[in-house]
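Listed below are the residues making up each chain.
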Amino acid sequence: MGGGASKQLKDDAPAPSVRPPKQKKEGKKEEVKEKDDVGKARKRIAAVESKVMQGNRTRVDEDVSDDEAAAGAYDSDLERELEEDMEALRRQEPEDEHRVLAIQDKARSEALQWTTLVLPPSDFQPAENSEFRPDEELSLDFVHGYRGWDCLNNVFYTVTDEILYFAGTVGLVLEPVSRRQKQYVGPPSKRVSQICSLAMHPGGSIVATAERALNPTIYIWDLSTLATVRELTDAHQGGVSAMSFSKDGKRLVTAGMGQGHVVAVWEWKNDKKNSPLCTQSLKTPKIFALGYNPRDDVIVACGVSMIEFLRVGLSRTGQRVLEHLPG
């Protein structure tokens, strides 16, 4: 019985299938095509990796450890700011930032035309006293926050131990015990842009704040009354990254964020002259800090991998110039 069963199983076994020669050729062609696609994909991946490695070589903070680089960590906010500035310089022309600011200003102006046009609802029924202005009105009570990640020298103590700083478009004076706050919002008839720089007068009663805008304005105002003393314009582009008063308080030095990174010296008390006393361009992607030497009138400017010493002097024609000093 066993032999018959075995023979029956052999007889019932299916005959082996034979693939036509034509199908084998097509299978080979598909296999070769798949290998070519894989090869092309690998070449594209290799090209992308090469570009990424080339971009990584130009990073500013080359001394960051592997663990920090993998986690996207930074040693300070200054490194993050410098990283973003250098990335912007690699990806766009220097004029692009000014063009973006101009577009933003134009968009705000266009939006203002619509936001000021307020119409009542179609089913609005005015009350008997609706023609009168209400007695209540909104006022700024307290500003939360502080701008510090992209700017330096942005907080000071006043002579009365109040804290001077800024957030958004508002200059702030905070009494730390009672937490009462005074806000400087600029001249009544003018709209102030984002504040990006701050300087304290050596006398302790005058403050200078500057905008980040296409054509920035520097506002000098009284700390106690919040009244605007002077407005300085037409010297910088893009914004003002740093400012400092001289030791006697008669002059103010400012650094622009636009192309050329112009350093300007102002005699801000001279009402008859609204232009700077003299200017000088520095070769650096950004100027981080400005200051006067407390012993003389030498100006110290610090930027990306640079430090410059400057002083106001006279040219051969008798004009005021900002001279470079050896250092």
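For clarity, every value in this text was computed on a predicted model and none was experimentally measured.

S.K.: What is the right way to read the overall build of the chain from this model?
M.R.: Within the chain, the secondary structure is distributed over five helices and 16 strands. Put simply, the chain has 327 residues, and 32% of those count as buried. Restricting to contacts in the chain with at least 6 residues of sequence separation, those with at least 24 account for 43%. Surface accessibility of the chain: about 22400 Å² in total, with carbon and sulfur atoms responsible for 52%.

S.K.: Help me understand the sheet that holds strand S5 (residues 195–200), please; the structure alone is not making it clear to me.
M.R.: Hydrogen bonds along the backbone pair up the strands of a sheet, which may run parallel or antiparallel. Here four strands make up an open sheet; going across it, the order is S5-S6-S7-S8 and the pairing antiparallel. Where the open sheet ends on each side, the last strands, each with one partner, are S5 and strand S8 (228–232). Neighbour to neighbour, the strand axes of the sheet diverge by 20 degrees on average, direction disregarded. As paired strands, S5 and strand S6 (residues 206–211) are joined by five bridges and run antiparallel to one another. Bridge pairing in S6 places Leu198 opposite Thr209.

S.K.: Is there a simple way to think about the pairing of strand S11 (residues 262–266) in this case?
M.R.: Two faces, one strand: in a regular strand the side chains alternate between the faces of the sheet. Counting buried positions along S11 yields four of five residues, so the element is predominantly enclosed. Both strand S10 (residues 252–256) and S11 contribute to a ladder of four bridges, which runs antiparallel. Each bridged residue has a counterpart across the sheet, and for Val253 the counterpart in S11 is Val265. Remark: five residues form the turn of the hairpin made by S10 and S11, two consecutive strands paired antiparallel; Gly260 in that turn has positive phi of roughly 100 degrees.

S.K.: Mind showing me how you'd approach the state of the cysteines here?
M.R.: Note on terminology: disulfide describes a covalent bond linking the sulfur atoms of two cysteines. If you walk through the whole model with that rule in mind, you get zero disulfides. With no disulfide of its own, Cys151 lies 7.4 Å from the sulfur of Cys196, the closest cysteine sulfur. Under the relative-accessibility criterion, Cys151 is labelled buried at 7%.

S.K.: Before we go on, may I ask you to explain the sheet that holds S10 in this structure?
M.R.: One open sheet accounts for four strands, arranged S9-S10-S11-S12; its pairing is antiparallel. Sheet topology places strand S9 (240–245) and strand S12 (278–281) at the edges, where each strand pairs with a single neighbour. Geometrically, the sheet is characterised by an average inter-axis angle of 15 degrees between neighbouring strands, direction not taken into account. In this structure, S9 lies alongside S10, joined through five bridges in antiparallel fashion. Residue pairing in the sheet places Met243 in a bridge with Thr254 of S10.

S.K.: Explanation requested: a nonpolar patch on the surface in the structure shown.
M.R.: Judged by side-chain polarity, Trp114, Leu117 and Leu119 come together as a nonpolar surface patch covering roughly 430 Å² of accessible area. Along the chain, Trp114 turns up in helix H5 (residues 94–115). Residue classification places Trp114 among the exposed residues on the basis of a relative accessible area of 66%.

S.K.: I tried to follow the packing of aromatic side chains on my own but got confused; where do I start?
M.R.: Two numbers describe a pair of aromatic rings. These are the distance of the centres and the angle of the planes. Here the structure, examined in full by the defined rule, presents three aromatic pairs. Consider the rings of Phe245 and Trp268, whose centres lie 6.0 Å apart with planes at 75 degrees: the pair is edge-to-face. Here Phe245 is found in strand S9, whereas its partner Trp268 is found in the loop between S11 and S12, with 23 residues between them in sequence. As far as burial versus exposure is concerned, Phe245 and Trp268 are alike and both buried.

S.K.: What is the right way to read the nonpolar core from this model?
M.R.: Counting residues in each nonpolar core, the largest one holds 17 residues, and the members touching the most others are Val253, Val263, Val265, Leu282, Leu290, Ile299 and Leu322. Residue assignment for this core shows that the elements contributing at least two residues are S10, S11, strand S13 (287–292), strand S14 (299–303) and strand S15 (306–314). The residues contacting Leu290, other than those within four sequence positions of it, are Ala242, Met243, Ser244, Val253, Thr254, Ala255, Ile299, Val300 and Ala301.

S.K.: Looking at this structure, I do not really get the side chain of Asp150. What am I missing?
M.R.: Checked against the element boundaries, Asp150 lands in the loop between H5 and strand S1 (156–157). We classify Asp150 as buried; its relative accessible area is 17%. A polar side-chain atom of Asp150 sits 2.6 Å from a polar atom in the side chain of Arg147.

S.K.: Just checking my understanding: could you explain the pattern of salt bridges for this structure?
M.R.: Under the defined criterion, the tally for this structure stands at four salt bridges. The partner of Lys190 in a salt bridge is Glu231, with the nearest N and O atoms 3.2 Å apart. Placement of the pair is Lys190 in the loop between strand S4 (180–184) and S5 and Glu231 in strand S8, with a sequence separation of 41 residues. Under the relative-accessibility criterion, Glu231 is labelled partly exposed at 29%.

S.K.: Would you mind showing me how to read the environment of Ser246 here?
M.R.: Summarising the element assignment, Ser246 is placed in the loop between S9 and S10. On the basis of relative accessible area, Ser246 is assigned to the buried category, the value being 7%. It is 8.7 Å that separates the C-alpha atoms of Ser246 and Ile299, two residues lying 53 residues apart in sequence. Residues contacting Ser246, with those up to four places away along its chain left out, are Pro202, Arg251 and Tyr292. A polar atom in the side chain of Ser246 sits 2.6 Å from the side chain of Asp248.

Rules behind the numbers
- Residues numbered from 1 in each chain as written.
- Predicted model: local features only at pLDDT ≥ 70, side-chain atom pairs only at ≥ 80, totals over all residues.
- Heavy atoms only, no water.
- Helix = DSSP H or I, 4+ residues; strand = E, 2+ residues; numbered from the N terminus.
- Buried < 20%, exposed > 50% of the residue type's maximum accessible area, 1.4 Å probe, protein only.
- Contact = heavy atoms within 4.5 Å.
- Areas by Shrake-Rupley, 256 points an atom, 1.4 Å probe, with all protein chains shown as cover.
- Pairing = 2+ DSSP bridges.
- Axes fitted to C-alpha atoms, helices over the stretch in contact; angles between N-to-C directions.
- Disulfide = S-S within 2.5 Å.
- Patch = residues over 30% accessible without salt bridge, like charges linked within 9 Å, V, L, I, M, F, W, Y side chains within 5 Å.
- Salt bridge = Lys/Arg side-chain N within 4 Å of Asp/Glu carboxyl O.
- Phe/Tyr/Trp six-rings, centres within 6.5 Å; stacked < 30°, edge-to-face > 60°.
- Core = buried A, V, L, I, M, F, W, Y, C linked by side-chain atoms within 4.5 Å.
- Polar contact = N/O pair within 3.5 Å; in protein donor to acceptor, adjacent residues only side chain to side chain.

Function-wise, these values are silent; they only describe arrangement.
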